[in-house]
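Understanding the architecture of this molecule
The primary structure of each chain is shown beneath.
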Amino acid sequence: MAYPHTDIEKKWQKYWEENKTFRTPDAIDPAQPKFYVLDMFPYPSGAGLHVGHPEGYTATDIQARYKRMKGFNVLHPMGYDSFGLPAEQYAIKTGEHPRKITYENIATFRRQLKMLGFSYDWDREIATTDEEYVRWTQWIFLQIFKRGLAYESELPVNWSPDLCAVLANEEVEEWRAKGFSVERRSMRQWVLKITEYAERLLADLDGLDWPESIKEMQRNWIGKSEGAEVDFAIGGETIRVFTTRPDTLFGATYMVLAPEHPLVAQIATPEQAEAVAAYRAAAAGKSDLERTELAKEKTGVFTGAYATNPVNGQQIPIWVADYVLWGYGTGAIMAVPAHDTRDFEFATKFDLPIIQVVQPPEGVDWHGFIDDGVAVNSGEYDGLPTAEVKKRITAWLEKTGQGAGKTNYKLRDWLFSRQRFWGEPFPLLHCEKCGVVPVPEKDLPVRLPEMKDYRPTADGQPPLARATDWLQATCPVCGGPARRETNTMPQWAGSCWYYLRYIDPKNDAALVAPAKEKYWMPVNLYVGGAEHAVLHLLYARFWHKVLFDCGVVSTKEPFQKLVNQGMILGEMEYLAYRDAAGAWVSAERVDENGCDLRTGEKYVPAHVPEADLQKQGDGFVLKNQPDVRVSARAFKMSKSRGNVINPDDIVKEYGADSLRLYEMFMGPLTQVKPWSMKGVEGVSRFLSRVYRLAVDDETGQPSPKLADGEPTKDQLRALHAAIKKVTGDIERMDYNVAISAMMIFVNEAQAWEQLPRSLLSTFVLILSPFAPHLAEELWNRLGHDGSLVREPWPAWNEAYLKEDEIEIPVQVNGKVRGRIRVAAEAGQDTVIAAALACAEAAPFFAGKEIKKQIYVPKRMVNLVVAG
RNA sequence: GGACGGGUGGCGAAAUUGGCAGACGCGCCAGACUUAGGAUCUGGUUCCGCAAGGAUUAGGGGUUCGAGUCCCCUCCCGUCCA
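The number of helices and strands found in chain A is 28 helices and 36 strands. Projected onto the principal axes, the alpha-carbon positions of chain A cover approximately 100 × 85 × 70 Å. When each of the 867 residues of chain A is scored for burial, the buried share is 52%. Sequence separation of 24 or more characterises 70% of the internal contacts of chain A that already satisfy a separation of 6 or more. Carbon and sulfur atoms provide 51% of the accessible area of chain A, an area that totals close to 39400 Å². Between the averaged position of the 101 positive side-chain charges in chain A and that of its 117 negative side-chain charges there is a distance of 2 Å.

Bringing the packing of helix α21 (residues 677–694) against helix α25 (residues 772–781) into the picture now. Helix-helix packing is characterised by the crossing angle of the two axes and by the distance between the axes. α25 packs onto α21 with a crossing angle of 10° between their chain directions and a minimal axis gap of 10 Å. By the angle between their directions, the pair α21 and α25 is classed as roughly parallel. Each of Leu687, Val690, Tyr691 and Ala694 in α21 lies in contact with α25, whose residues at this interface are Leu774, Leu778 and Arg781. Partitioning the contact of α21 with α25 into residue classes produces 6 nonpolar, no polar and 1 charged.

It is worth spelling out the nonpolar core at this point. Grouped together as the largest cluster of nonpolar side chains are 176 residues, with contacts concentrated most on Tyr36, Trp543, Trp675, Phe745, Phe763 and Phe770. Aside from chain neighbours lying at most four places away, what touches Phe763 is Val690, Leu719, Met742, Phe745 and Val746. Among the nonpolar cores identified, the runner-up in size contains 47 residues, and Leu249, Ala321, Val357 and Phe369 belong to it.

Let us now look at the sheet that holds strand β36 (residues 860–865). Strands sit in the order β34-β33-β36-β35 across an open sheet of 4 strands; the sheet is mixed. The two strands at the open ends of the sheet, each matched to only one other strand, are β34 (815–823) and β35 (850–856). Across the sheet, the axes of successive neighbouring strands diverge by a mean angle of 20°, strand direction being ignored. Strand contacts of helix α27 (residues 828–836): β33 (805–812), β34, β35 and β36, with the helix running at about 125° to β35, the strand carrying the most contacts.

Turning to the environment of Lys452, a few remarks are in order. Within the secondary structure, Lys452 sits in the loop between β19 (435–438) and α14 (468–471). The spacing of Lys452 and Leu597 is 145 residues in sequence and 51 Å in space, taken between C-alpha atoms.

Here we come to α21. Along an α-helix, a turn takes 3.6 residues, which lines up residues three or four apart on a common side. Compared with an ideal rise of 1.5 Å per residue, which puts 18 residues at 26 Å, α21 spans 27 Å between its outermost C-alpha atoms and is within 8% of the ideal. Among the residues making up α21, those that are buried are Val680, Val683, Ser684, Phe686, Leu687, Ser688, Val690, Tyr691, Leu693 and Ala694.

Turning our attention to unusual backbone geometry. A cis amide bond links Leu444 to the next residue, Pro445, at an omega of 0°. As for its position among the elements, Pro445 is in the loop between β19 and α14. Residue Asp351 is not a glycine yet carries a positive backbone phi of 60°. Structurally, the position occupied by Asp351 is in the loop between α12 (341–350) and β14 (358–359). A relative accessible area of 71% places Asp351 in the exposed class.

Moving on, we come to helix α19 (residues 647–654). Those residues of α19 that sit buried are Pro647, Ile650, Val651 and Tyr654. Taken end-on, α19 shows its buried residues confined to a sector of 100°, consistent with a single buried face. α19 presents Lys652 and Glu653 as exposed residues on the side facing more than 90 degrees away from its buried surface. Buried residues along α19 sit against α1 (5–19), α4 (98–115), α20 (656–665) and α21. Positive backbone phi, at 95°, marks Gly655, one or two positions downstream of α19.

With that settled, the discussion passes to the confidence of the model for chain A. Should the pLDDT be low somewhere, the predicted coordinates at that spot are not to be read in detail. With 97% of its residues at a pLDDT of 70 or more, chain A shows a mean pLDDT of 89. ipTM for the predicted complex: 0.94, alongside a pTM of 0.91.

Here the focus is the packing of aromatic side chains. The final tally for this structure, using the stated rule, is 45 aromatic pairs. Consider the rings of Phe41 and Tyr498, whose centres lie 3.6 Å apart with planes at 5°: the pair is stacked. Placement of the pair is Phe41 in the loop between β1 (34–39) and α2 (52–69) and Tyr498 in helix α16 (residues 498–501), with a sequence separation of 457 residues. Classification of Tyr498 as buried rests on a relative accessible area of 0%.

Let us look at the environment of Arg147. As for its position among the elements, Arg147 is in the loop between α5 (131–146) and β5 (150–160). With 553 residues separating them along the chain, Arg147 and Gly700 place their C-alpha atoms 67 Å apart. With near-sequence residues (within four places) excluded, Arg147 lies in contact with Val546, Asp549 and Cys550.

Right, let's talk about the pattern of salt bridges for a bit. In total, this model carries 50 salt bridges according to the counting rule given. Here Asp648 ties to Arg111 by a salt bridge, and the two come within 3.2 Å at their closest N and O atoms. Residue Asp648 is located in helix α19, and its partner Arg111 is located in helix α4; the two are separated by 537 residues in the primary sequence. The class of Arg111 is partly exposed, set by a relative accessible area of 42%. Close ionic contact of Lys146 with Glu441 constitutes a salt bridge, the shortest N to O distance being 3.1 Å. Taken together, the positions of Lys146 in helix α5 and Glu441 in the loop between β19 and α14 put the pair 295 residues apart, joining distant regions of the chain. On the accessibility criterion, Glu441 (32% relative accessible area) is partly exposed. Counted as one network, the salt bridges with shared partners bring together Lys20, Arg23, Asp26, Asp121, Asp123 and Arg124.

On the basis of which strands lie adjacent, the open sheet formed by 4 strands has the order β2-β1-β22-β23 and parallel pairing. In this open sheet, the two strands that pair with only one neighbour each are β2 (73–75) and β23 (562–565). The mean angle between the axes of side-by-side strands here comes to 20°, regardless of whether they run parallel or antiparallel. The sheet contacts of α2 involve β1, β2, β22 (525–529) and β23, and relative to β1 the element is tilted by about 170°.

Reading the values: rules and limits
- Numbers given to residues run from 1 along each chain, matching the order in which its sequence is written.
- Numbering of ligands from 1 and lettering of chains from A proceed in the order in which they are written.
- With the structure being a predicted model, the display of local features is reserved for residues of pLDDT at least 70 and the display and counting of side-chain atom pairs for 80 or more, all residues being used for whole-chain, interface and lining totals.
- Each side-chain value is derived from all of the structure's non-hydrogen atoms; neither hydrogens nor water enter the calculation.
- Strands here are runs of E lasting at least two residues and helices are runs of H or I lasting at least four, both read from the DSSP assignment and numbered beginning at the N terminus.
- A 1.4 Å probe rolled over the protein chains alone gives each residue an accessible area, and that area as a share of the maximum for its type sets the label: buried under 20%, exposed over 50%, partly exposed in between.
- Contact definition: two residues touch when any of their heavy atoms are within 4.5 Å.
- In these tables, accessible area is a Shrake-Rupley quantity obtained with a 1.4 Å probe, and a residue counts as shielded only by the protein chains included in the view.
- Positive charges come from Lys and Arg, negative ones from Asp and Glu, while His and the chain ends are left out of the count.
- Working definition for charges: the position is that of NZ of Lys, CZ of Arg, CG of Asp or CD of Glu.
- Axes, fitted as lines to C-alpha atoms, cover a helix only where it is in contact. Angles between the N-to-C directions of the axes lie from 0 to 180 degrees.
- Note on angle classes: values under 35 degrees are labelled roughly parallel, values over 145 roughly antiparallel, values of 65 to 115 roughly perpendicular, and the remainder oblique.
- Side-chain classes follow a simple rule in which Ala, Val, Leu, Ile, Met, Phe, Trp, Tyr, Cys and Pro form the nonpolar group, Asp, Glu, Lys and Arg form the charged group, and the remainder, Gly included, forms the polar group.
- Take the buried Ala, Val, Leu, Ile, Met, Phe, Trp, Tyr and Cys residues and link them wherever side-chain atoms come within 4.5 Å; each set so joined is a nonpolar core.
- Strand pairing requires that DSSP identify at least two bridges connecting the strands.
- A helix's residues, less one, multiplied by 1.5 Å, set its expected span.
- When we speak of the arc, we mean the arc of directions from the helix axis to the C-beta atoms.
- Confidence of the predictor at the level of single residues is captured by pLDDT, which takes values from 0 to 100.
- Stacked, edge-to-face and tilted are the three classes for Phe, Tyr and Trp ring pairs, Trp counted by its six-membered ring, which pair at centre distances within 6.5 Å; planes under 30 degrees apart are stacked, over 60 edge-to-face, the rest tilted.
- Between Lys or Arg on one side and Asp or Glu on the other, a salt bridge is scored when a side-chain nitrogen of the former is within 4 Å of a carboxyl oxygen of the latter.

Written out as structure tokens, the structure reads:
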């Protein structure tokens, strides 16, 4: 029978709330070690908490509770990333202020988070939409602005005249498919100079305890490449290109300009002008994504013009092609078809000359060889390795004034403005006389106006342009009339610095008090989904570095250790398909949309009960029709698939402790794993067994097995083995294994006639980070007062773990053939003698020459015999 | 195409350094208790074989007394980049 989890959980949540059990004191004792453990705060969507949220949140809560018991001063806060598009869309539809729905959703999230028993300091709760929070977001923007790191620029955006909205790049396809028109239109935007920090953002990754894959993604995003800029002469002009391979200059047989390159129109010959103009017009209609994406078939047009290759004076044709982007490098490239994949494809298609200049190792074809080798057909550089040629040619370019070494980054400046209502207003004024003027810090926050219509204007101005009264302001410099900035900040702004505000959330004189910042930073552990691996973490690191330069923070990096939780998928689904006549169709003939791979016929998917399945090879087939393969996989949870698990339902039926424990028991935290309702029942049964160790669940009275006596040797060994294992596993965040260790203890404890209270009390302490409600309840029922959250974490005693006699497997030629029992302290000679006397193993070595005897202390014996 | 991560029973998984593969949980099988069991408890459960034994960590090769773990090749899956 399940234990009364609902009563227990309500009782302890109330106790924690009333006693402010998890309050982190404002006053700092610098002598006490600190631990700052942070969750990626949620966007409070209308759908409420998803089971993915408690996965990371439980992982951090276990750390927080463990470190508290280890004597650390723990900061474990929670808040809401509450600006966001859904609330704005809802506001447009209903005419209600997005604030209303946002704070309703926050209330739901808060209720659900409290229901799960996380040990947050709720007095530090923040929402990025709170006016006091917006005030400091705006303040940070002002620091960025004052340091010259923000500028205005006319940039193309995706504007849909039908929708009257600006779309993100990712949204364009979706709306086009629905029949809405989307065009590229230049609009005035605010841009942050993140590129100035590219080198530091790259270099400081090295010292971080982050997953290597995430660091690599950030490195790729920053995209540092070293090479040279080279000038190609054409008439009186020069075309500058960037190349990472100056060593291949002798193999440059043509050039390519981006369609937007200003020289294109100028150099195109009269015969080619028309074709070039048509090509440019076509390219203008394509998004960056379409141009860089796959672009299997290269397109391009000859301009009719020629440039001079500086190394050999050769005239090479100049082409226009959209695989060269105006945004990257100089918007022009020198093409070396012999040693660049895209240039090779292009040259092959348009029949341009291909000249080898790098000799690959023996047996490798030089056509399209892009790695390092030895220079050939390169004049005086022939025979030199690639790296050396790079150096020498760069030096020669510099000496002759035709180029220079140059480092390039893929990272672009950050388009920081949105044409939306529900975001932080920029604290900026446009004055006719003084230009752009920052709002004085004392006038922050700049609040959003009250409005009824949240749509952009028909000509694409942001919604705030409709707030005619709000727009009027006075220039703080000249006192003349000024107009407020109507763009707002993107959702990223609030999430770039929230970890700092938790440290000092109520401070109205500063973003964070320096002494507190110094004590708490950096964040020791940051847990969240990998979907934020690039942008959020890069933006937050950028702001942090700016704040470091301003002297607001004392660390170069905000997040010392980062862990990405893996996604939780829906339950495993066994799917087979039926055709129109109802006959089964084997899964390998069906694509992911349920259509036949060859005929395109639409099939009806059907779930097959597990009992009707049979394993065959890598997959499953129908038991009574083995030629029909059944697909077995778990899908991402989604409303349309109907496989979403609601945490509320789980808590209601099994309790918060079961949900927490299950999500930690599913598998390694960082791994993708499918949900299993049966698995939830399994851990729930475990918790019931723990409950019954202490409580007779017929009567609700203490279990008659509980005793006051001293524990036996076996009992101490079982307990201390669990303490040791669980402690190490928590340190490594191997929670699934920690839980199995506790299960092993409980399985043993169940069989004991007598269970000393002291023993069970200690066990309850190690269980408490995982299942805090049940642990508190049992702690009390075992005779302790108050909460256990600041009880010292139990230490294990190695002496209890020592066994007098151990079992050692005897291998013959690497195969286990028998087992011997020897004294734990026995030496090699004794153990080998015992192994040679082992009756089970003897038939495998008796009468044969023993060539080698290997003893791995306390692990195994291996006898190597001839033949 | 490239980079990174991964592939272990029917399923989720475990295996700190190269040292008893499959801990723990689910499922399944059997038994006990029971008016009843979708409760609880006990035992069994990688595969083949009556057994002795053999095979087995995606597949193939290598290093080693010994490989899930190290090296090489191939295949498959996931994520990101192109």
